[in-house]
Every structure is written in C-alpha cells, then in structure tokens.
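Structural characterization, general
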Amino acid sequence: MARGVSPKLSKDERFLVNTVKPFYKETRDAKIKKKKPNEMPQDSLVFFDIQTKQSTKLGPIKSWKAAREIDSYIAFSQELEVKGKADTTKADTSITKAPAKKTSAKKELVVILYNLRTKDTLQFWKAENFYFDDNEKYFVYNIKGAEKDSTKTPGLYVYNLQDKKVKKIYDGKATFQNITFSDASDKLAFVVDTSSAKALLKMPSIYQYDFKAESAKELISKNTAGIPNNWYIPTSTNLSFSASGNRLFFGIAPIPKVKDTTLVEFEHAKVDIWHWQDELLMTQQLASLPLLKNKTYRAVYHFAENKLVPLANLEFENVSLTENADEEWGLTSYTSLENKIARQWSDGTRSDIYVVSLNNGNRQLVRRDFLGNTALSPKATHVLLFDKENQNWYAYNISTKTTACLTCNLNVTFGNEDNDSPALPQSYGIAGWSNDHKGVYLYDKYDLWYVDFDGKTPKNITQSAGRNNKIRFRLISFSSNKPRSMTTYLDPKKVVLLSSFNENDKQNGIFKLEIAKNKAPKEIIQSQHVYKRISADENQTIFTYSRENYQESTNLFVSKDFVKATQLTDINPQQKQYNWGTAELVRWKTPKGYDAEGILYKPENFDPNKKYPIIAYFYEVLSDGLYNYHEPAPTPSRLMIPYFVSNGYLVFAPDIRYEIGHPGKSAEEYINSGMRYLAKNSWVDSTKMGIQGQSWGGYQVTHLITSTNMYAAAWAGAPVVNMTSAYGGIRWQTGMSRQFQYEKTQSRLGATLWEKPELYLRKLPSIQHG
C-alpha cells in the first residue's frame, strides 16, 4: 500500500491494517506555511480485507491500537464535529452507535472502537488514552476530565468485548499511566496520579483490578511496607506481571529534591561542576540527564503473600529476570566507584556478580571482580559466565553454590579468534538452551557445542564440520508472536536449521542438523547470495526469506525446502535500466607475506581492453559482504559504490588486518599492496587511483596521503587527523571521552598517551616520518 507504515496482520490473516502517511509535498507545504500542529496533514488508517480484496479508509487519525494478535477489533482516535457545547458535557459512561454526521464546526477528540468483521463502531467521547489486552478480551480507556469539570465522567473504564458491557473501575479525576494486563487477562495494573498539573513533586500510586471485582483498589503507595524510607513510586515506573500473574514488577526511586520556587528563574545559578570522583563525566551526565532523572530500581509485589520486596538499590542498580519471571532468582551486580570511573578508558567493567532472591531480596555472591558476560538460565538454576580474561565459559549452580568450567578442557577457543585490537576478545555467544534445562548450547567461531551445566559432557553437535570446512554455522531461531517466547530452546529430537557462511568463497547457505543422529549438518543450499529475514509457519513447513547479492536487489521468496522457491516481489525493476556492476573476490600477498582479501566491483559493461580509474574504499574488514546488495542511496560521507561503478569506475574494498600500535602502517600494508596488485592488470589506470574512507576509514585516508604519492585523489569523510588532541575528545551524543577508543578499541594503540606518546605523535599526518 502506497505510503503505508507499521502494518499489522490479523490472527487469521484476513485483515491487514496499517497507517498511511500523507504525501510528503502536503506536509512540506504545511511546514512552509507554518501551520499549527492541529492543522498539519494527518495520518490515515486503512485496512485491507484479503478475502474480499477491498480496502477501507477510516479517515485521518491521531493514533490507533490493537491487541497483540488482532482478531476482530482495532481502536483509533480522531477529531469529530459536535453539535454544540451541551453535547460535550454529558455523562458519557454509555456507549452509543456512531451518530449522524455532525454539522457544527466545533471538533472534539473521540476514541472509536471498530469491528473489522462487522464494521460496527462504538464511540467513546472525551476518552484520552485507550488499550487492549493481548487476548482481545477487554478494551480499557480513561476520561481525564477538565480541571473545572463538575460531571461524574472522569475515571478509568473497562469495556468487555465479549458481553459488550462497560464498567467504571476507577472514579475520579486522575492521570492514568502504564495500563498493564496479566498474561491471562485476569488482572490489570496501572499507575494513578491525582496530583495537580502544577505540582512540583508527584506521588502516584499503583492500582490493581481483578476482573471479578467491582472496582480497582490501591495496591502500592509510598507508604506501603517494603518501600525504603525517602523512596517513592515515580510516574516513570514500568509495570509488568510474571507469566503466572502472581507477581507484579515495578520501579521505585529516591524522592528527588524539589526545585526551590522562592527564587525567580534568573536568580538561580547554573553551573556544571566537574569532579574527579564522579562515576560519569559531566558531559555524560548532561547527555543522559533524562534517563538519570527517570531511572527506577526494580521491586516486586507478591499477590499471594501480600508482600513487597525491593530487588535493586543504589548499589545494585539493575536486576535481570527470567522470561517468565516466576522463578526465585534474578541476576544483579555491584560495581565499585573505582571500576565505574575506569569505564572511561577500559574495554569493559569489572563487577561483583550476585543473584538476588525475588522471595526475600537476599543476595548470593557468584563471582568477585569479574570481567565478561553473564546470563541467567531460563529456570534460574544457573548463572552462565564468559570470562574474557581466560576465554572460557563457566556455570554457577545457585543451589549448591559451586562453579563448573564448561570449556576449559576443549581444544578450541570460545572468544573471537580474529580479534586484532588491544581489547580482550568477546565471546561468540550462546546459541540456545536445552529443553530439559540441564545444559546450554554455545558457539565457537565455526561450530555449535552442547555442554551440561556440570561441564562433564561437552559435545560438538556439528561434528567439527564447520572448522574442518571453514564454514561458520549459526542457529536459525524462528520468532514467535506468543508472549514470553524470546528464549531459544533446542530439542535434540527435532531437526534444526543452521545458517552458513563459507570463509573460502564467501557463499551463504542453509543446512539441516539432526542432533540425535550425531551426524554433521547436511547442506540444503549454498549459493552466491545472502539469505535474511528467515521466518516460518508454526510447524516450520513453509518458509519465507529475502535473498540478495550485489547484482540482485533484495526480494522476498517463499519455499517449502529453500531449493524450489517462488519469488513474491520485484522491488527494484528499474535497476535493469542502469549500467550496474559485478562483485568478485580478490586475493593477494602483502609485503610482509600476509594473506589478504578484498572485493573488486566492476561496471556491468566492463571491457578488459580499456583502462579504468580505480577507487579504494575501506573500513576494517569488508570482504565477508561479497554478496551484499548495495542500494544506490545518499550516504553521510561514504563512497556510494553503485554510483561510481555505474559511471565507469572500478571500486576496490580491501580488508585491513591490524598490528596493535600501528593502525596507519597496517593500512599501508593492505591498501597500498592491494592497489599495486590490481595495477598490474592492463585495464587499471595506475595514474588515476583514488582512496575514500569515512570516520575510522577517513583516518586511514589522512595517513596514506602523507605516506605515499601513489594516489591522484583522496576523500576523507569525518576523519580524525590528530590522535593527540582527539584522545580526550568528547563524543557528541553520549558525552563519553574517546580515551577508551584510542587505548583499547578501534584505534588500537594499546597504551595511554603518557605510556607511549610516540605512538600518538606518529599518527599525526604532518609528522608521519618524523
């Protein structure tokens, strides 16, 4: 649908609902004319009946919502004309059919409940916000009421979509936020704030409604037992139920200082005070001020015991839970002030890892001074830890308080084998969890491993086929629209699908793995394409996916086996009108004898009897993207490869492998040698060679033009040309110091400015050979 955005398909796949944006020209003209917000062109709501092939436009709207899976209903808000002032003050607890067309010019916002199947509508006048539960059983809306409204309409209402009855569950003027349903739609929680709009400090409460009750009741307030002294429930709190509905999670925070209103605004001093013991630089504090102001600390309310338990505080700031959040334990950590400050220059943060009991808030130490990654097992029986310092995975048994190494005795590493920076390698990650909750599936560079939590039975389930053939296997995890289905489980009795990437020829593919048969993965397809967006029906009998390579723009396919496929789209037919191009892999030896790779892009009408100008475009490692499609679209300051290839240039994208401390010299080693290698071909014009890079690639450009005169043209986009002055530079968006980048990560100098000043000074293009 033209200009359609945010589409949503009904559960039975009969209706497609989406927002339709106004024409760009209409919006642009309105902005030029400085129209007021309520006079700007509005979005429209359209639904398409796939069965009857008919579209229905529901007119300009302010917003719309639906249940997680649409069955019959959607709701939207729009402005409708009213007859007169008298109509706007009636008690609107009843629901009526859509009235006849309004004749008055006066408009009022109304929420409309729309049945897609019957096209019946119900109007909720004066309604402000509205919500569906996930199961499309209930529709909730609130009427805020004006400050001087004397009617009895303000409150929160529930409309039962089954029996078509409405019930007022909260009576009175208030601001309602975070309307949250339990999974079974048998409980409702929400935040109520009765403070005046001018109140400097708002003290909301959390209310809970049982759908068998007559009205909602206050569940938690600032004075509830368990809320720490001088803490409260801020309006920014988030609400969520556990899967069973037996627990409600929410956020609490220290009561903030109220602004002193006895002084007029111009008498307030506005000063940023920097302190060497601040855990965040002042620039970071300012950049993250909205987040810091709204930060909350997780707590839980147990309905059965009528008990509130704080889980996080100023020292243990964050608590992660299992997907169901019904297990006893959560995962948390403590980071000392010294380690928080060290984040400015380190490649990770050392912390003490704990688990916290959701039943009573007690904490249990897992590991001190840990640097790495952690994960809580789905049943909260174990904590998985990847130790970056020794590159091994560990499992901590919460009940026995013991730790087992899962990978110490294996002959492969589970950290990045290709890491060429001073930072410690990251892990390849977790593939999934065993469906019997006894172990975990881990990735090395190529293969998948299964390891019991006791570490005694490690098994390479891909039979080392990945490492032996230089193929990287990764699990294809199919998303589900069901709630709480983000955790990936592997059942060894079922067939699983793996994506593949062949390092030798850069081909991508899909393999089938039958774990129980103890055999290597079986190839389904490998080709000179990239496969993305792979999804399946519930039984995994029909698959949809996108396919692309440099010559084929991305299109959508459907298939039962990935071999015989039906193309569903032809997104870019106009490409046939242009001189496009080809992409091929180039290999050569660098002066130091390193194996090197890169991609050479040639015009579609390439003639080996002609000479072509050539541009090198680079940013670390690009050759793995040999079969990626490149859209001809504007870029911030990067080379648009299709544009130059289409206009008669060769474009070369060489990989750069770095020597720590010498990133510029590494660029010389790979880029210059690759260009000289290609210049041996008669079809390369060695007098017309150029280079282009953006950001980190831009630095490489500034280095190369001071170390060689082999390039006729150079384009550096957003480069850093002085690592000494940039060393303490501040990133615009985050406010972070760039120090860590130069010492530990991308710049790869591996030392502070004081430890090895010569490394920084020799990176200045003006004194490269000083």
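These figures come from a predicted structure and were not determined experimentally.

1. Examining the environment of isoleucine 220
Along the chain, the position of isoleucine 220 falls in strand 16 (residues 217–220). Overall, the relative accessible area of 0% leaves isoleucine 220 in the buried class. For the pair formed by isoleucine 220 and tyrosine 649, sequence separation is 429 residues and the distance between their alpha carbons is 68 Å. If we ignore the near neighbours within four places in the chain, the residues touching isoleucine 220 are Ser205, Ile206, Ile227, Ile233, Phe250, Tyr301 and Leu308.

2. Some remarks on the pattern of salt bridges
If you walk through the whole model with that rule in mind, you get 37 salt bridges. Linking lysine 25 and aspartate 29 is a salt bridge whose minimum nitrogen-to-oxygen distance equals 2.9 Å. Taken together, the residues span about one helical turn, with lysine 25 and aspartate 29 both in helix 1 (residues 24–32) at a distance of four residues. Using a relative accessible area of 58% as the deciding quantity, one classes lysine 25 as exposed. The exposure class assigned to aspartate 29 is partly exposed, which follows from its relative accessible area of 24%. Within the structure, one salt-bridge network assembled from shared partners comprises Asp418, Lys445, Arg472, Glu503, Lys506, Arg587, Glu597 and Asp624.

3. Regarding helix 7 (residues 663–679)
The terminal C-alpha atoms of helix 7 lie 24 Å apart, and with 17 residues this matches the ideal 24 Å at 1.5 Å per residue to within 8%. For helix 7, the tally of buried residues reaches 13 of 17 residues, placing the bulk of the element in the interior.

4. Some remarks on the layout of surface pockets
Of the pockets and cavities examined, the largest pocket occupies roughly 1900 Å³. The wall of the largest pocket is formed by 38 residues, among which Ser479, Ser480, Ala536, Asp537 and Glu538 lie closest to the centre. Per-element tally for the lining of the largest pocket: the top contributor is strand 36 (residues 495–502), with three residues. Of the residues assigned to the lining of the largest pocket, the class counts are 16 nonpolar, twelve polar and ten charged. Of the voids in this model, the second largest pocket is the one considered here, and its volume is about 1600 Å³. Together, 42 residues line the second largest pocket, and Leu289, Leu292, Lys293, Asn294 and Lys295 are the ones closest to its centre.

5. Section: the pairing of strand 47 (residues 684–694)
The buried fraction of strand 47 amounts to eight of the eleven residues, a majority that puts the element mostly inside the structure. In terms of strand pairing, strand 45 (residues 612–617) meets strand 47 through five bridges, oriented parallel. Of the residues in strand 47, the one forming a bridge with tyrosine 617 is glutamine 692. The pairing of strand 47 with strand 48 (residues 713–717) spans five bridges and is classified as parallel. Its bridge partner lying in strand 48, isoleucine 691 is registered against alanine 714.

6. Remarks on the sheet that holds strand 38 (residues 522–527)
Across the sheet, which stays open at both edges, the four strands sit in the order 34-36-37-38 with antiparallel pairing between neighbours. The open sheet is flanked by strand 34 (471–475) and strand 38, the only strands paired with a single partner. Ignoring strand direction, the axes of neighbouring strands in this sheet form an average angle of 25 degrees.

7. Details of the state of the cysteines
In the structure shown here, the tally under the stated rule is one disulfide. Here cysteine 405 connects covalently by a disulfide to cysteine 408, the sulfurs 1.9 Å from one another. Measuring handedness by torsion sign, the sulfur bridge of cysteine 405 and cysteine 408 sits at about 95 degrees and is right-handed. A relative accessible area of 22% places cysteine 405 in the partly exposed class.

8. Structural notes on the confidence of the model for the protein chain
Interpreting fine coordinate detail is not advised for predicted regions of low pLDDT. When pLDDT is averaged along the protein chain, the result is 92; 95% of the residues meet or exceed 70. Here residues 85–100 scores under 50 on pLDDT; set against residues more than four positions off or in separate chains, the count is 28 contacts.

9. Observations regarding the sheet that holds strand 41 (residues 555–559)
Reading across the sheet, the four strands line up as 39-40-41-42 and stay open at both edges, with antiparallel pairing between neighbours. Only two strands of the sheet have a single neighbouring strand rather than two, namely strand 39 (530–536) and strand 42 (565–567). The average undirected angle you get between the axes of adjacent strands in this sheet is 30 degrees. One ladder, built from three bridges, connects strand 41 with strand 42; its direction is antiparallel. Pairing of serine 559 across the sheet is with alanine 565, part of strand 42.

Criteria and thresholds
- Residues numbered from 1 in each chain as written.
- Predicted model: local features only at pLDDT ≥ 70, side-chain atom pairs only at ≥ 80, totals over all residues.
- Heavy atoms only, no water.
- Helix = DSSP H or I, 4+ residues; strand = E, 2+ residues; numbered from the N terminus.
- Buried < 20%, exposed > 50% of the residue type's maximum accessible area, 1.4 Å probe, protein only.
- Contact = heavy atoms within 4.5 Å.
- Salt bridge = Lys/Arg side-chain N within 4 Å of Asp/Glu carboxyl O.
- Expected span 1.5 Å × (residues − 1).
- 1 Å grid on protein atoms, 1.4 Å probe; cavity = no way out; pocket = protein on both sides within 12 Å on 5 of 7 lines; lining within 4 Å.
- Points joined across faces, edges and corners; volume = space filled by probe spheres on them.
- Nonpolar A, V, L, I, M, F, W, Y, C, P; charged D, E, K, R; others polar.
- Pairing = 2+ DSSP bridges.
- Axes fitted to C-alpha atoms, helices over the stretch in contact; angles between N-to-C directions.
- Disulfide = S-S within 2.5 Å.
- pLDDT = per-residue confidence, 0-100.

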